[in-house]
Amino acid sequence: MDEFHQSFFEDSRELLSQLESALLSLESNPQDKEIIEEIFRVMHTIKGAANMFGFEQIGQFTHDIETIYDAIRNHEIVLDNLVLETTFRSVDHIYALLEDPELSDEDNHSTHEKLLKQVQDIIDEIEKSKKSQQTTAILEVEENEKEIVWTYYINIRPHEAVDKVSGHPVSFIIEDIIEQGQNKIKEHVKAEDQNKVIYWDIYLATNLNEEGIRNLFLFVEDECQIEVHKLVSCNILAEEAFVKKTEEIEEADIPVDIEYLQNYINELLAEIRDHRLHQIDEKKDKPSDNNKTANQSASIRVATDKIDRLVNLVSELITLQATLQSVNQIQKLPQLESITENLELISNNLRDTIFSISLLPLDTMTVRLKRLVRTLSQELNKEVKFITEGVDTELDKNIIEVLSDPLIHILRNCMDHGLETAEEREAAGKSTEGRITLRAYHSGANIHIEIEDDGRGINIDTIRTRAIQKKLISSEEVLSPEQTYELLFKPGFSTAEKVTDVSGRGVGMDVVRKKIREVRGDISIQSELGQGTKMTIRLPMSLSIIDGLLTEVDGSFFVLPLNLVMRIDEIPYQQTNLDGKLMKTLAIADKQLPVLSIRDAFGLKESTPDMVSVVNVQNGEEVRGIVVDEVKGEIQAVLKPLGSMYSSQDYLSGSTILGDGNIAFVLDANKLMTHFSN
Amino acid sequence: MEKTILVVDDFGSIRNFLCSTLNKRGYNTLAAENGKEALEKLIENPSGINLVLSDFNMPKMDGMELLKNIKSHTELKEKPVIFLTTESDPKTMREAKELGLSAWVTKPYKLLSFLSQIEYALNNG
């Protein structure tokens with residue numbers, strides 16, 4: 001509910017801000033019908049929503065302003081300076097109400113009272129002028145009737161007895177009646193079936209006139225016989241004696257005799273003339289809920305392109321700060337030193353803040369996924385429990401947008417192929433209800449999203465056979481389970497035995513991976529036959545800045561994502577130069593480590609260093625080494641996209657400008673490994 | 001088969017709130033910002049929408065215009081229409097009823113009665 005309240009506040013503020021500029025032009029052109037209409041509409045809209053979300057004060061206040069503008073557009077009053085001034089203040093006040101809907105702030109409360117009075121004065125003025133315009137006596141009587149509370153006796157008799165639980169419209173109109181004022185309702189049910197209502201006896205004290213009451217029944221009048229009788233022009237239900245009398249009548253189970261009742265009331269009123277007509281106002285002061293308002297964080301809506309621009313500017317600032325840092329390293333001025341340090345602190349802070357702005361919780365899309373699972377479970381006739389964990393984890397909104405399709409596809413797969421039918425599950429000794437868990441969590445600078453099912457798991461042999469059929473591998477090739485699962489991501493691979501409505505839609509896991517890789521993420525599969533399958537999506541937290549390790553190879557600069565770096569070893573260059581192959585296995589610190597030399601991979605051979613650094617990086621479940629000449633240090637790399645010429649080199653995430661103006665390539669370590677090991 | 005309800009309201013938060021409330025209760029929803037957009041969606045996919053839940057006061061095309069259009073359209077006239085509005089002018093209500101409106105629910109509504117009105121309209125036209 002809270003998110004809807006928040007969005008109501010935001011939407012209302014947006015409407016008000018549109019209104020403000022309209023109001024300014026209204027001052028110079030008070031006859032402008034369109035603006036008057038717009039004010040009316042905005043007030044009407046906010047009123048409706050406020051009432052719906054239970055903000056009574058906002059609802060009441062906007063209702064009053066709406067009344068004024070309704071009168072203006074109907075030419076019942078003239079829009080003068082007083083009205084205009086009141087409108088301006090009211091708009092300001094509605095802003096305040098949106099911050100403080102319960103009026104817990106003293107100042108807001110007194111402004112509210114003051115304005116409400118001003119507004120009421122204007123409304124009184126309208127009523128007065130209305131009355132003076134109405135010359136005919138009949139109309140005047142009707143008008144006056146509205147002000148007075150009457151007690152009515154209402155008898156509703158449906159043509160057919162109504163089942164209480166069937167949701168027949170009559171039964172909720174009874175609920176509406178309760179809202180109209182003090183009331184007493186007696187259902188008369190069938191003796192043989194207590195759920196069937198034959199008719200209702202209702203006593204209602206309200207300021208509605210007879211037409212107003214009949215109108216409540218407008219949509220059921222074809223189905224019921226409705227009697228409305230005026231009993232007396234006051235709230236007689238406030239008198240205990242009267243209520244007792246009605247109970248007597250009910251107990252006797254005799255039809256209500258209107259005349260008898262009216263006579264009784266007259267006698268009663270004569271008896272208690274001293275204290276009558278005083279319990280009409282039923283409004284009770286609601287205890288104010290201070291905690292609720294204090295927790296609501298204020299928010300504004302900002303166009304996304306503004307945020308994008310801001311992100312770009314911050315990126316530039318960080319580059320500039322890096323430049324300053326390198327200048328400082330040369331100049332070594334103590335004053336400059338502290339400025340540089342402070343600037344670094346501030347710009348880092350700024351960077352984190354600006355990125356958190358464009359972050360959205362994963363939750364924003366899980367509703368859709370839940371619905372998908374629900375629909376599919378009905379379509380496929382499979383019982384499924386869909387569990388989400390850690391969906392408050394935040395991701396860049398651009399990533400969330402990209403993620404939607406892959407997640408839907410994966411869930412479809414889980415539901416269609418992953419989970420067995422209830423019978424199959426029972427035969428396998430599992431509970432008939434399948435489980436799918438969507439789990440999101442932070443892992444270093446990455447976000448991991450796992451989709452895990454407890455279904456039949458992936459049959460490695462089936463994949464293998466299919467891959468051989470499709471000539472993706474030769475029949476002799478020996479593959480590890482991980483390598484076999486990788487085949488699922490090859491274009492054109494589909495294990496579904498038949499194309500079903502749910503999954504086989506021509507989009508394969510290859511597309512899923514491509515989409516995820518577009519946002520510098522990746523996906524992997526783990527599975528156990530008979531136990532289930534887990535898909536893990538690894539995603540960067542942000543798209544435009546990465547914390548990197550700056551390295552140098554033969555005068556060229558390369559940045560590796562810092563979050564992957566495990567450790568760095570220094571070894572003599574000679575040890576790496578084994579046999580001219582790009583991928584080698586070195587023995588470092590008593591361990592065999594597969595390594596790739598950037599020098600060899602990129603053909604950089606101008607110089608030969610004495611010592612080289614082996615950067616150990618996490619590559620999926622394994623550790624690989626990347627050999628560089630020298631590690632320069634940590635860097636915040638602002639990613640600049642490379643031109644289309646580089647589009648085939650997907651192991652380059654982009655480039656970045658270093659503080660001294662040099663350019664470095666940002667490497668995607670995992671893709672780099674995959675690319676050069678093939 | 002899930003029923004699909006077209007939610008028509010010019011105010012985003014109400015629209016989202018209604019859709020989400022209805023989704024939670026197992027209905028599919030489509031959303032439109034005004035009568036014009038609603039009518040376009042209806043004409044585009046007459047069989048895909050089972051009920052129209054519309055606000056009354058809206059720019060471009062208001063609820064009453066939308067109702068008139070639906071009830072005079074051969075393919076759409078059987079669709080139940082419910083108004084959800086703060087409006088409660090008896091004359092307007094009567095006019096709407098005579099045009100074939102199924103129910104008039106005033107904001108704020110009571111969830112259960114609101115849902116049963118929808119269910120009743122879906123089952124009884």
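Refer to the preceding data block for the structure.
Keep in mind the model is a prediction, meaning the values are calculated, not measured.

## Quick look at the overall build of chain A
For step 1, the next point in the chain: Each helix and strand counted, chain A has 22 helices and 22 strands in total.
For step 2, the next point in the chain: Split by element, the accessible area of chain A, about 36,100 Å² in all, is 48% carbon and sulfur.

## Details of helix α19 (residues 509-518) of chain A
Think of an α-helix as 3.6 residues a turn; residues three or four steps apart then line up on the same face.
Residue and element names in this part refer to chain A.
For step 1, the next point in the chain: Among all positions in α19, only Met-509, Val-512, Arg-513 and Ile-516 are buried. Taken down its axis, α19 places every buried residue within 95° of arc, on the same side. Opposite the packed face of α19, turned more than 90 degrees from it, sit the exposed residues Lys-514 and Glu-518.
For step 2, the next point in the chain: A positive phi of about 60° marks Arg-520, the residue just after α19.

## Structural notes on the sheet that holds strand β3 (residues 51-54) of chain B
All names here are of chain B.
For step 1, the next point in the chain: The sheet built from 5 strands is open, its strands ordered β2-β1-β3-β4-β5 with parallel pairing. The two strands at the open ends of the sheet, each matched to only one other strand, are β2 (28-32) and β5 (103-106). Direction aside, neighbouring strands of the sheet carry axes that sit 20° apart on average.
For step 2, the next point in the chain: As defined by bridge partners, β3 adjoins strand β4 (residues 81-85) across 3 bridges and the pair is classed as parallel. Residue pairing across strands places Val-52 opposite Val-81, the latter belonging to β4.
For step 3, the next point in the chain: Contacting β1 (4-8), β2, β3 and β4, helix α1 (residues 12-24) runs over the sheet at an angle of about 170° to β2.
For step 4, the next point in the chain: Along the sheet, helix α3 (residues 63-71) contacts β1, β3 and β4; its crossing angle with β4, the most-contacted strand, is approximately 180°.

## Focus: the environment of Gln-117 of chain B
For step 1, the next point in the chain: Structurally, Gln-117 of chain B can be placed in helix α5 (residues 111-124).
For step 2, the next point in the chain: Once the C-alpha coordinates of Gln-117 of chain B and Val-105 of chain B are considered, the two residues, 12 residues apart in sequence, prove to be 8.5 Å apart.
For step 3, the next point in the chain: Contact partners of Gln-117 of chain B, with chain neighbours within four places excluded, come to Phe-172 of chain A together with Ile-82, Ala-103 and Val-105 of chain B.

## Observations regarding the interface of chain A and chain B
For step 1, the next point in the chain: In this assembly, 32 residues from chain A lie in contact with 34 residues from chain B.
For step 2, the next point in the chain: Overall, the association of chain A and chain B removes approximately 3,000 Å² of surface from exposure, summing both partners, and the carbon and sulfur fraction of that is 62%.
For step 3, the next point in the chain: The interface formed by chain A and chain B contains 1 salt bridge.
For step 4, the next point in the chain: Ionic pairing is found between Arg-41 of chain A and Asp-10 of chain B, a salt bridge with its closest N-O pair at 2.8 Å.
For step 5, the next point in the chain: Seen at the junction of chain A and chain B, the total is 5 residue pairs in polar contact (both at pLDDT 80 or more).
For step 6, the next point in the chain: When contributions to the side of chain A that touches chain B are tallied by element, the ones reaching two or more residues are α1 (2-28), α2 (33-52), α7 (169-179), α8 (210-216) and α14 (363-380) of chain A.
For step 7, the next point in the chain: Top contributing element to the side of chain A that touches chain B by residue count: α2 of chain A, with 8 residues.

## Some points on the packing of aromatic side chains
Aromatic ring pairs are reported here in terms of the distance separating the ring centres and the angle at which the planes meet.
For step 1, the next point in the chain: As enumerated under the stated definition, the model contains 14 aromatic pairs over all chains in all.
For step 2, the next point in the chain: Summarising the aromatic geometry, the rings of Phe-8 of chain A and Phe-53 of chain A are spaced 5.5 Å apart at their centres and angled 50° between planes, so their arrangement reads as tilted. With a gap of 45 residues between them, Phe-8 of chain A in helix α1 and Phe-53 of chain A in the loop between α2 and α3 (56-73) connect regions that are remote in the sequence. Taken individually, Phe-8 of chain A and Phe-53 of chain A each receive the classification buried, so the pair is uniform in this respect.
For step 3, the next point in the chain: With a centroid separation of 5.6 Å and an interplanar angle of 10°, the aromatic rings of Phe-8 of chain A and Phe-55 of chain A are classed as stacked. Of this pair, Phe-8 of chain A sits in helix α1 while Phe-55 of chain A is found in the loop between α2 and α3, placing the two residues 47 residues apart along the sequence. Take Phe-8 of chain A and Phe-55 of chain A: they sit in the same class, and that class is buried.
For step 4, the next point in the chain: One aromatic cluster is present, built from ring pairs that chain together Phe-8, Phe-9, Phe-53 and Phe-55 of chain A together with Phe-11 and Phe-17 of chain B.
For step 5, the next point in the chain: The side chain of Lys-230 of chain A reaches across the aromatic face of Trp-150 of chain A, ending 4.5 Å from its centre.

Rules and cut-offs
Residues numbered from 1 in each chain as written. Chains lettered and ligands numbered in written order. Predicted model: local features only at pLDDT ≥ 70, side-chain atom pairs only at ≥ 80, totals over all residues. Heavy atoms only, no water. Helix = DSSP H or I, 4+ residues; strand = E, 2+ residues; numbered from the N terminus. Areas by Shrake-Rupley, 256 points an atom, 1.4 Å probe, with all protein chains shown as cover. Buried < 20%, exposed > 50% of the residue type's maximum accessible area, 1.4 Å probe, protein only. Arc of directions from axis to C-beta. Pairing = 2+ DSSP bridges. Axes fitted to C-alpha atoms, helices over the stretch in contact; angles between N-to-C directions. Contact = heavy atoms within 4.5 Å. Buried area = accessible area lost by both parts, 1.4 Å probe. Salt bridge = Lys/Arg side-chain N within 4 Å of Asp/Glu carboxyl O. Polar contact = N/O pair within 3.5 Å; in protein donor to acceptor, adjacent residues only side chain to side chain. Phe/Tyr/Trp six-rings, centres within 6.5 Å; stacked < 30°, edge-to-face > 60°. Lys NZ or Arg CZ within 6 Å of the ring centre and 35° of its normal.

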